[in-house]
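Summary of the model geometry
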Amino acid sequence: MRKLRPAHRRRGIINRNAMTRAGRSAAKRGTDMTIVVIDAQGGGIGKQLVAAIKKEIQSPGVEVLAVGTNSLATSAMLKAGADHGATGENAVLACCRRADVIVGPIGIAIADALWGEISPAMAAAVGSSPAKRILLPMNHCDNIVVGVSNLNTGVLIREAVEQIAALIARDR
């Protein structure tokens, strides 16, 4: 006769007190936090984000995952120092499920944004993820964010990294 596992470890049993799926995945990988950076087009914003995160946040348990809507964006973020990379719609869907923090331009949460590279499924995955979302307000592609100063990209990236550092400090 087979020995049963505790209820929160059995498949199909939902226990709200048990660790989240993202937390279980991170524990299996030996990481404390998974930061998913999503970008499109040439990956310029994502590249700057990854470089700044890797430079400023040097915690051993932080994993930076680069997810591009195309291979050019993924490649740029990997060259900037991301730990892992993935490309395409399914990569966005899968990585949003396991993320603790999602970072990118605000267009990643809007269907058909970033010149059509964000599909409705991608936008829904970002929006419905249990992760914290840190979105940079970029006024492009007919999406205008009112009430936000028109700061340059460097300042926005610095603020995003500060927010990520605050989340890491709060979790420890």
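Figured I'd write up the structure that's included with this text.

Criteria and thresholds
- Residues numbered from 1 in each chain as written.
- Predicted model: local features only at pLDDT ≥ 70, side-chain atom pairs only at ≥ 80, totals over all residues.
- Heavy atoms only, no water.
- Pairing = 2+ DSSP bridges.
- Helix = DSSP H or I, 4+ residues; strand = E, 2+ residues; numbered from the N terminus.
- Right-handed = clockwise from strand over helix to strand, strands pointing away.
- Buried < 20%, exposed > 50% of the residue type's maximum accessible area, 1.4 Å probe, protein only.

Summarising the sheet, strand 2 (residues 62-68) and strand 3 (residues 84-87) pair through four bridges and their orientation is parallel. Each bridged residue has a counterpart across the sheet, and for Gly68 the counterpart in strand 3 is Thr87. At this point the chain moves from strand 2, through helix 3 (residues 71-79), to the parallel strand 3, and the crossover so formed is right-handed.

Among the seven residues of strand 2, seven are classified as buried, and the element is accordingly described as predominantly covered. Burial of the side chains of strand 2 extends over both faces: Val62, Val64, Ala66 and Gly68 are buried on one face and Glu63, Leu65 and Val67 on the other. Taken together, the seven bridges between strand 1 (residues 33-39) and strand 2 define a ladder with parallel strand orientation. What sits directly across from Val36, in strand 2, is Leu65. Once you follow strand 1 into helix 2 (residues 44-56) and on to strand 2, the crossover reads as right-handed.

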